[in-house]
Amino acid sequence: MPLKKIPKTTVPLVKVWEQKAQKCGLLHSVYAVNGDKYTGEWLDNKKHGKGTQVWKKSGVIYDGDWKHGKRDGYGTLSQLDSATNDYIRLYCGEWKNDKKDGFGTHFYSQTSWYEGEWRGGKRSGWGRMYYSNRDVYEGEWLEDKHHGQGMLRFADDNRYEGCWKQGKKHGPGKFFYLNKGQLYEGFWKDGVAKYGTVSDFGRKEASTPTTYPLPQICLLDMNSVLMDASSLMEDDSEGS
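For the structure given in this document, a descriptive report is provided here. (Residues numbered from 1 in each chain as written. Predicted model: local features only at pLDDT ≥ 70, side-chain atom pairs only at ≥ 80, totals over all residues. Heavy atoms only, no water.)

1. As for the overall build of the protein chain
And then number 1: When its secondary structure is counted, the protein chain shows two helices and 15 strands.
And then number 2: Residue burial in the protein chain is summarised as follows: out of 240 residues, 28% are buried. (Helix = DSSP H or I, 4+ residues; strand = E, 2+ residues; numbered from the N terminus. Buried < 20%, exposed > 50% of the residue type's maximum accessible area, 1.4 Å probe, protein only.)

2. Here we look at the pairing of strand E12 (residues 159-165)
And then number 1: In terms of strand pairing, strand E11 (residues 145-153) meets E12 through six bridges, oriented antiparallel. Bridged to Gly 148 within E12 is Trp 164.
And then number 2: Between E11 and E12, which pair antiparallel one after the other, the connecting turn spans five residues, and Asp 157 there sits at a positive phi close to 75 degrees.
And then number 3: Inspection of the sheet shows E12 paired to strand E13 (residues 168-177) by six bridges, in the antiparallel sense. (Pairing = 2+ DSSP bridges.)

3. As for unusual backbone geometry
The phi angle of most residues is negative, glycine excepted, and most peptide bonds adopt the trans form.
And then number 1: The phi angle at Asp 44 is positive, at roughly 50 degrees, despite the residue not being glycine.
And then number 2: Looking at where Asp 44 falls in the secondary structure, it is placed in the loop between strand E2 (37-43) and strand E3 (46-55).
And then number 3: The backbone phi angle of Asp 190 is positive, close to 55 degrees, even though this residue is not glycine.
And then number 4: Within the secondary structure layout, Asp 190 lies in the loop between strand E14 (182-189) and strand E15 (192-200).

4. Section: the pattern of salt bridges
And then number 1: Enumeration according to the criterion identifies eight salt bridges in this entry.
And then number 2: The partner of Asp 98 in a salt bridge is Arg 71, with the nearest N and O atoms 2.9 Å apart. Taken together, the positions of Asp 98 in the loop between strand E6 (86-96) and strand E7 (99-109) and Arg 71 in strand E5 (residues 70-81) put the pair 27 residues apart, joining distant regions of the chain.
And then number 3: According to the relative accessible area criterion, Asp 98 is partly exposed, its value standing at 29%.
And then number 4: Using a relative accessible area of 14% as the deciding quantity, one classes Arg 71 as buried.
And then number 5: Connected via shared salt-bridge partners are Glu 115, Arg 128 and Glu 138. (Salt bridge = Lys/Arg side-chain N within 4 Å of Asp/Glu carboxyl O.)

5. Let's talk about the environment of Gly 167
And then number 1: Here Gly 167 is to be found in the loop between E12 and E13.
And then number 2: You can call Gly 167 partly exposed: its relative accessible area is 34%.
And then number 3: Sequence separation between Gly 167 and Trp 141 is 26 residues, and the spatial gap between their C-alpha atoms is 8.5 Å.
And then number 4: With residues up to four places along the chain from it excluded, the contact list for Gly 167 reads Lys 145 and His 146. (Contact = heavy atoms within 4.5 Å.)

6. Structural notes on the packing of aromatic side chains
And then number 1: For the structure shown, the criterion picks out 18 aromatic pairs.
And then number 2: Judged by centre distance (5.1 Å) and plane angle (85 degrees), the rings of Tyr 38 and Trp 42 are edge-to-face. Trp 42 matches Tyr 38 in its accessibility class, with the two residues each being buried.
And then number 3: Judged by centre distance (5.6 Å) and plane angle (85 degrees), the ring pair of Tyr 38 and Trp 66 falls under edge-to-face. (Phe/Tyr/Trp six-rings, centres within 6.5 Å; stacked < 30°, edge-to-face > 60°.)

7. Points about the side chain of Asp 135
And then number 1: Mapped onto the elements of the fold, Asp 135 is located in the loop between strand E9 (122-130) and strand E10 (136-142).
And then number 2: A polar side-chain atom of Asp 135 sits 2.9 Å from the main-chain amide nitrogen of Ala 155.
And then number 3: Contacts of Asp 135, omitting those with residues within four sequence positions, involve Met 129, Tyr 130, Leu 152, Arg 153, Phe 154 and Ala 155. (Polar contact = N/O pair within 3.5 Å; in protein donor to acceptor, adjacent residues only side chain to side chain.)

8. Looking at the environment of Glu 94
And then number 1: With respect to the helices and strands, the residue Glu 94 is situated in strand E6.
And then number 2: Residue Glu 94 is classed as partly exposed on the basis of its relative accessible area of 36%.
And then number 3: Taking the C-alpha atoms as reference points, Glu 94 and Gly 75, 19 residues apart in sequence, are found 6.3 Å from one another.
And then number 4: Ignoring anything within four residues of it in the chain, the contact list for Glu 94 reads Gly 73, Tyr 74, Lys 99, Lys 100, Asp 101, Gly 102 and Phe 103.
And then number 5: A polar side-chain atom of Glu 94 sits 2.6 Å from the main-chain amide nitrogen of Phe 103.

9. Topic: a positive patch on the surface
And then number 1: Taken together, the side chains of Lys 46, Lys 70, Lys 99, Lys 122, Lys 145 and Lys 168 present a region of like positive charge at the surface.
And then number 2: Relative to the assigned elements, Lys 122 resides in strand E9. (Patch = residues over 30% accessible without salt bridge, like charges linked within 9 Å, V, L, I, M, F, W, Y side chains within 5 Å. Areas by Shrake-Rupley, 256 points an atom, 1.4 Å probe, with all protein chains shown as cover. Lys, Arg positive; Asp, Glu negative; His and termini not counted. Charge placed at Lys NZ, Arg CZ, Asp CG, Glu CD.)

Below, the structure is given as structure tokens:
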């Protein structure tokens, strides 16, 4: 009985090359045509796991976790200083979908940095910001702006405690003039104090106290006056 010859199936060379080119697992450094370099783990031809990415043109390096080709997890972002040839840390913390997300610290300069929560690459949630002029803000943020409850302490130790909206004082708050020994309690709108009371506060410890203490308020019902002022402000806001 004659044998039936089964034709041999051949895999196209294109498929063979694709299979060989698939990157998966721990590999040595992989270079891009522009000089960028990645060293670390892969999954289905994407950066996945632990790895280090170097961007040649900008001198930026990321070392940390990856997920399906994007920075995701914990990682550190640094940049090469051409003057010292050392890497300066820019950000250290959590990432999600290739953006700062979670808790992390971003260094804007040697005298200015932020430590706190991030959402989608922006400061959102609770955080503390140290400014180059030695001011410090601690409180809530929304999309890179003071928003919610927070305290801004100035370099001269005066401070504001209260509500913020889109980076401006807005709502009830207190401003401590510790250098003069006075306290302002009131209501702000778009960064401007609208109404409130001023009283002496820590005059003995003040560096430059006022010449005379403030007289006592003689209104029979101070709270009622403040409530009326608040109602007028609300009416103006609704009218505008």
